[in-house]
Amino acid sequence: MHEEKILVLDFGSQYTQLIARRVRESKVYSEIFPYNVSFDKIISFSPKGIILSGGPSSVYDKNAPLPDKRIFELGIPVLGICYGMQLMAYCIGGKVAKAAKREYGRAELIIDDDSDLLKGIKSEVRSQKSEVRGLVTRHSSLVTVVWMSHGDRIEEYPRGFKPIAHTDNSPVAAMADKNRRFYALQFHPEVVHTEHGSEILRNFIFDICKCKPEWTMKSFIETTVEEIKNRVKNDKVVCAISGGVDSAVTAVLMHRAIKKQLICIFVDNGVLRTGEAKKVENTLKKHFHMNIVCVDASKRFLKKLKGVTDPEKKRKIIGNEFIRIFEEQAKKIKGVKYLAQGTLYPDVIESTSFKGPSATIKSHHNVGGLLKDMKLRLIEPLRELFKDEVRILGRELGMPEEVLNRHPFPGPGLAIRIIGEVTEQRCGILRKADAIVLEEIKKSGLYNELWQAFAVLLPIKTVGVMGDERTYENVVALRAVKSVDGMTADWARIPYDILGNISNRIINEVKGVNRVVFDISSKPPSTIEWE
Ligand code: XMP
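Residues numbered from 1 in each chain as written. Predicted model: local features only at pLDDT ≥ 70, side-chain atom pairs only at ≥ 80, totals over all residues. Heavy atoms only, no water.

What follows is about the overall build of the protein. Helix and strand content of the protein: 16 helices and 19 strands. When its C-alpha atoms are laid out on the principal axes, the protein stretches across 90 × 65 × 40 Å. Scored against the burial criterion, the 531 residues of the protein give a buried share of 54%. Summarising the internal contacts of the protein: among those between residues at least 6 apart in sequence, 75% fall at separations of at least 24. Working note: accessible area of the protein is about 25100 Å², and carbon and sulfur atoms make up 51% of it. Counting 82 positive and 67 negative side-chain charges, the protein places the centres of these two groups 4 Å from one another. (Helix = DSSP H or I, 4+ residues; strand = E, 2+ residues; numbered from the N terminus. Buried < 20%, exposed > 50% of the residue type's maximum accessible area, 1.4 Å probe, protein only. Contact = heavy atoms within 4.5 Å. Areas by Shrake-Rupley, 256 points an atom, 1.4 Å probe, with all protein chains shown as cover. Lys, Arg positive; Asp, Glu negative; His and termini not counted. Charge placed at Lys NZ, Arg CZ, Asp CG, Glu CD.)

Below you can see the structure in the form of structure tokens.
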């Protein structure tokens, strides 16, 4: 379905995902395959160009990841980045050695040939001094800032290659074999710190690979809607709605294709935020006129959670109970053949460089478990998209900003923010405190700058005074973090007066709380959620 494609082979760099995103930002479709993907799969993907990512290894390591060398015989352009550059040199006859000085971070790149890959970069023209056999000469050079991160360097480039840029520490910071259309960069064009990185990638994609910029959200919607229609025909599809962005966008996209054949199921598990269930129902029912079944199962969930304090047990109970209720509801609907799910691209990439520690430390609940018993076929219309692309898609589908910009909310909900036993009364306390946190954060204009902001109910009581009376009540902790992907996070420096307001309001308005504390831990070593 996509004609113009760039393949990114992943050698384990923390930036691999960024490469694919930058390519897509240029409106060219890109996918990431693990470095050892079969050659047949590469052929059937039929890319117009290949990018070899960076990676933590050295080509001379015993288990260094190496690609199938036949990629260099396909006759299509290849761009090696960092480890990808050394790999290219190593695979086709160059020599790689340890750099005299490891280079990390900012470096000045002096462009020696700006005819194709490094074309049109508005770099500074600077007068350079060079010394050859004691003779000092001055000449002007094109200099631009790039982001380096490597310990090896090209000692001898392969036959056919010429250096096209250098830095003080790397005589070959970029090289090219224009005949074979092989290019390599020692630095990372995909990171924002490389001043003209996007231009360099665009030169590769458009001028060298000759791709056309045809991949837009509009075209994505058109082709996906057609695919869904052709696949589903007259059958019915169920979709579990969680209140999060991914499931909501999945539902709206499915609905665009098959209208009333889509039935959304929303389960109120009793550990949702204030007004959550109503908000979801309103958006989907009133705004998009969808079929939605809302099930209030809060009593059932709370009964199962009675006496449970272990976080993982809470997660499992909520996950299992959710599946059970979803199945009960879905079975009531005649003729259901498919289950639509909001799986995203980072979840389906086979490589390991995307799986951060939180993927394994906590068991995240997954509706995938539904398929075994129900014999439903899975439709995952977002499986090619990154998170930020899902938001753009939602916008293109006319979804309200309020839904698209919502902070992530964990599947087990408030249950993992109530430390200790989850009871209706403790849910009530946390729900009120949490609503105040969100209200004040939104009022202060900070909401969109934060990854998440929420309240946590602690299992301890402390002494306070209210009026003339001594109190012995609960403590609420505030958590507010900044993060790009939830894998790492820093505590947000919320201004004192906003913190003061939140604390005052919680203590005054939420019965049962007499103390508020603020969490100043980053992830790692802490996690975002408390459980
Ligand atoms: P942690 O606490 O691991 O959280 O730093 C990282 C991100 O994942 C969310 N999270 C969950 N989401 N089910 C979910 O659907 C879970 O069990 C779960 N635990 C954590 C958390 O809110 C944060 O955005």
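Scanning the model with the defined rule gives 10 aromatic pairs in all. Members of the aromatic cluster, joined through ring pairs, are Phe11, Tyr35 and Tyr83. Across from the ring centre of Tyr345, 5.2 Å away, lies the NZ or CZ of Arg24, which sits over that ring. Lys41 extends its terminal NZ or CZ atom over the ring of Phe33, reaching a point 5.1 Å from the ring centre. (Phe/Tyr/Trp six-rings, centres within 6.5 Å; stacked < 30°, edge-to-face > 60°. Lys NZ or Arg CZ within 6 Å of the ring centre and 35° of its normal.)

The grouping of Tyr60, Leu66 and Tyr90 at the surface amounts to a nonpolar patch, some 280 Å² of accessible area in total. Its place among the elements puts Tyr60 in the loop between β3 (49-52) and β4 (78-81). Looking at Tyr60, the relative accessible area reads 48%, which means it is partly exposed. (Patch = residues over 30% accessible without salt bridge, like charges linked within 9 Å, V, L, I, M, F, W, Y side chains within 5 Å. Salt bridge = Lys/Arg side-chain N within 4 Å of Asp/Glu carboxyl O.)

Before going further, it helps to examine the packing of helix α5 (residues 217-232) against helix α6 (residues 245-258). Between two packed helices, the angle of one axis relative to the other and the distance separating the axes together describe the packing. Viewed as axis vectors pointing N to C, α5 and α6 meet at an angle of 65 degrees, and their least axial separation amounts to 8 Å. Of the two possible hands of crossing, α5 and α6 adopt the one that is right-handed. In this structure, α5 uses Phe220, Ile221, Thr224, Val225, Ile228, Lys229 and Val232 to contact α6, whose residues at the interface are Leu253, Met254, Arg256, Ala257 and Ile258. Its residues assigned to classes, the contact of α5 with α6 comprises 9 nonpolar, 1 polar and 2 charged. (Axes fitted to C-alpha atoms, helices over the stretch in contact; angles between N-to-C directions. Left-handed = near helix turned anticlockwise from the far one by under 90°. Nonpolar A, V, L, I, M, F, W, Y, C, P; charged D, E, K, R; others polar.)

In terms of domains, the protein is made up of domain 1 (5-208), domain 2 (222-404) and domain 3 (417-518). On a C-alpha basis, the centroid separation for the pair domain 2 and domain 3 is 28 Å. Taken together, the contact pairs 16 residues of domain 2 with 15 residues of domain 3. Together domain 2 and domain 3 conceal approximately 1200 Å² of surface at their shared face, both sides included; 49% is due to carbon and sulfur atoms. Counting across the domain 2 and domain 3 interface gives 1 salt bridge. With its nearest N and O atoms 2.8 Å apart, the salt bridge here joins Asp434 to Arg273. Inspection of the region where domain 2 meets domain 3 yields 8 residue pairs in polar contact (both at pLDDT 80 or more). Among the elements that take part in the side of domain 2 that touches domain 3, helix α8 (residues 298-305) stands out by supplying 3 residues, more than any other. (Domains from an automatic or database assignment. Buried area = accessible area lost by both parts, 1.4 Å probe. Polar contact = N/O pair within 3.5 Å; in protein donor to acceptor, adjacent residues only side chain to side chain.)

Moving on, we come to the pairing of strand β10 (residues 182-185). Where burial is concerned, the two faces of β10 agree: the one with Phe182 and Ala184 and the one with Tyr183 and Leu185 are both buried. Alignment of β4 against β10, held across 4 bridges, turns out to be parallel. Considered in β10, the bridge of Val78 is made with Phe182. Two elements, strand β9 (residues 174-177) and β10, share 4 bridges in a ladder whose sense is antiparallel. Residue Met175 lies in a different strand from β10, and its bridge partner there is Ala184. (Pairing = 2+ DSSP bridges.)

Checked against the element boundaries, Lys314 lands in helix α9 (residues 311-332). Discounting chain neighbours no more than four positions away, the residues touching Lys314 are Leu305, Val308, Thr309, Ala415, Ile418, Ile419, Gly420, Val422 and Glu531.

In this section: the sheet that holds strand β12 (residues 262-268). The pairing of strands in a sheet comes from backbone hydrogen bonds and takes either a parallel or an antiparallel form. Spatially, 5 strands are ordered β13-β12-β11-β14-β15 in an open sheet, and the strand pairing comes out parallel. Single-partner strands in this sheet number two, and they are β13 (291-296) and β15 (377-379). The sheet shows a mean angle of 30 degrees between the axes of neighbouring strands, direction not considered. When strand β14 (residues 336-340) meets β15, the two strands line up parallel, connected through 3 bridges. Across the sheet, Ala340 pairs through a bridge with Ile379, a residue of β15. On top of the sheet, helix α7 (residues 276-287) reaches β11 (236-241), β12 and β13; it is set at about 170 degrees to β13, its chief contact.

Our focus in this paragraph is the environment of Glu389. Locating Glu389 in the fold gives a position in helix α13 (residues 387-396). A relative accessible area of 8% places Glu389 in the buried class. Residues Glu389 and Ala340, spaced 49 residues apart in sequence, show a C-alpha to C-alpha distance of 18 Å. In contact with Glu389, not counting residues within four places along its chain, are Arg24, Trp215, Met217 and Glu384. In this structure the side chain of Glu389 is engaged in a polar contact, spanning 2.6 Å, whose partner is the side chain of Arg24.

Running from N to C, α5 and α13 point in directions that differ by 80 degrees, and their axes come no closer than 10 Å. Classified by the angle between their axes, α5 and α13 sit roughly perpendicular to one another. In this structure, α5 uses Met217, Lys218, Phe220 and Ile221 to contact α13, whose residues at the interface are Glu389, Ile392, Leu393 and Glu396. Of the residues in the contact of α5 with α13, the class split is 5 nonpolar, no polar and 3 charged. (Parallel < 35°, antiparallel > 145°, perpendicular 65-115°, else oblique.)

Right, let's talk about helix α3 (residues 83-91) for a bit. Counting buried positions along α3 yields 8 of 9 residues, so the element is predominantly enclosed. Among the residues of α3, Tyr83, Gly84, Met85, Gln86, Leu87, Met88, Ala89 and Cys91 are the ones counted as buried. Two residues or fewer after α3 comes Gly93, characterised by a positive phi angle close to 100 degrees.

What follows deals with the nonpolar core. Note that soluble globular proteins tend to have their nonpolar side chains buried in a common cluster. In this structure, Val238, Ile441, Ile494 and Ile506 are the most contacted members of the largest nonpolar core, which totals 53 residues. At 8 residues, helix α15 (residues 424-443) tops the list of elements feeding residues into this core. Here this core gathers at least three residues from each of two domains, domain 2 (222-404) and domain 3 (417-518). In this view, Ile494 contacts Ile441, Leu446, Leu450, Ala480, Leu499 and Phe518; residues no more than four positions away in its chain are not counted. Within the second largest apolar cluster, 41 residues are counted, among which are Tyr29, Met217, Val237 and Ile241. (Core = buried A, V, L, I, M, F, W, Y, C linked by side-chain atoms within 4.5 Å.)

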